[in-house]
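Listed here are the chains, written in short residue letters.
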Amino acid sequence: MAILVKLDDVLKEKKITAKELAELVGITEANLSLLRTGQVKGIRFNTINRICYYLDCEVSDILKFDGGLEDA
């Protein structure tokens, strides 16, 4: 995968549970779990904005480019 999701690392660093973040962001725990495991094909900018706001982090803290090209 070309984009790596580092959300678990930030959750641990900020000492917040996935359940708490899901409630703050306004998404289901199931959807947050899919994001955390990299199983989503897309995410809304609004959701990224809310995640970064509540975690007090940068987008680059939770999403990393691995240098590869993802197959469609």
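Remember, it's a predicted structure, so these values are computed and weren't measured experimentally.

1. Points about the overall build of the protein
For step 1, the next point in the chain: Per the secondary structure count, the protein includes five helices and two strands.
For step 2, the next point in the chain: Helices (α) and strands (β) of the protein occur, in sequence order from the N terminus, as β-α-α-α-α-α-β.
For step 3, the next point in the chain: Relative to its length of 72 residues, the protein is compact, with a C-alpha radius of gyration of 12 Å against a globular reference of 11 Å.
For step 4, the next point in the chain: For the protein, the spread of C-alpha atoms along the principal axes amounts to about 35 × 20 × 20 Å.
For step 5, the next point in the chain: When the 72 residues of the protein are sorted by exposure, 25% land in the buried category.
For step 6, the next point in the chain: For the protein, restricting intrachain contacts to residue pairs at least 6 apart in sequence, the fraction spanning at least 24 positions comes to 68%.
For step 7, the next point in the chain: Carbon and sulfur atoms form 51% of the exposed surface of the protein, whose accessible area is close to 5200 Å².
For step 8, the next point in the chain: Computed over 10 positive and 12 negative side-chain charges, the inter-centroid distance for the protein is 3 Å.

2. Let's talk about the nonpolar core
For step 1, the next point in the chain: Membership of the largest hydrophobic core comes to 15 residues, with the highest contact counts inside it found for Leu7, Leu21, Ile51, Leu55 and Ile62.
For step 2, the next point in the chain: Sorting the residues of this core by element identifies helix H1 (7-14), helix H2 (18-25), helix H3 (29-36) and helix H4 (45-55) as the ones contributing at least two each.
For step 3, the next point in the chain: In contact with Leu7, other than residues within four places in its own chain, are Leu21, Leu32, Leu35, Arg36, Ile51, Leu55 and Ile62.

3. Focus on empty space enclosed by the protein
For step 1, the next point in the chain: Within the structure shown, the criterion is met by one cavity of 30 Å³ or more.
For step 2, the next point in the chain: Size it by volume and the largest cavity reaches roughly 40 Å³.
For step 3, the next point in the chain: Residue lining of the largest cavity: Val5, Leu7, Leu35, Ile43, Ile48, Ile51, Ile62 and Leu63, and that is the complete set.
For step 4, the next point in the chain: Of the residues contributing to the lining of the largest cavity, the split by class is eight nonpolar, no polar and no charged.

4. Examining a negative patch on the surface
For step 1, the next point in the chain: Side chains of Asp9, Glu13, Asp56, Glu58 and Asp61 sit close together on the surface and give a patch of like negative charge.
For step 2, the next point in the chain: Accessibility expressed as a relative area gives 63% for Asp56, which makes it exposed.

The rules behind these values
Residues numbered from 1 in each chain as written. Predicted model: local features only at pLDDT ≥ 70, side-chain atom pairs only at ≥ 80, totals over all residues. Heavy atoms only, no water. Helix = DSSP H or I, 4+ residues; strand = E, 2+ residues; numbered from the N terminus. Rg over C-alpha atoms; globule rule 2.2 N^0.38 Å. Buried < 20%, exposed > 50% of the residue type's maximum accessible area, 1.4 Å probe, protein only. Contact = heavy atoms within 4.5 Å. Areas by Shrake-Rupley, 256 points an atom, 1.4 Å probe, with all protein chains shown as cover. Lys, Arg positive; Asp, Glu negative; His and termini not counted. Charge placed at Lys NZ, Arg CZ, Asp CG, Glu CD. Core = buried A, V, L, I, M, F, W, Y, C linked by side-chain atoms within 4.5 Å. 1 Å grid on protein atoms, 1.4 Å probe; cavity = no way out; pocket = protein on both sides within 12 Å on 5 of 7 lines; lining within 4 Å. Points joined across faces, edges and corners; volume = space filled by probe spheres on them. Nonpolar A, V, L, I, M, F, W, Y, C, P; charged D, E, K, R; others polar. Patch = residues over 30% accessible without salt bridge, like charges linked within 9 Å, V, L, I, M, F, W, Y side chains within 5 Å. Salt bridge = Lys/Arg side-chain N within 4 Å of Asp/Glu carboxyl O.

Take it as geometry only, folks, not as evidence of what the structure does.
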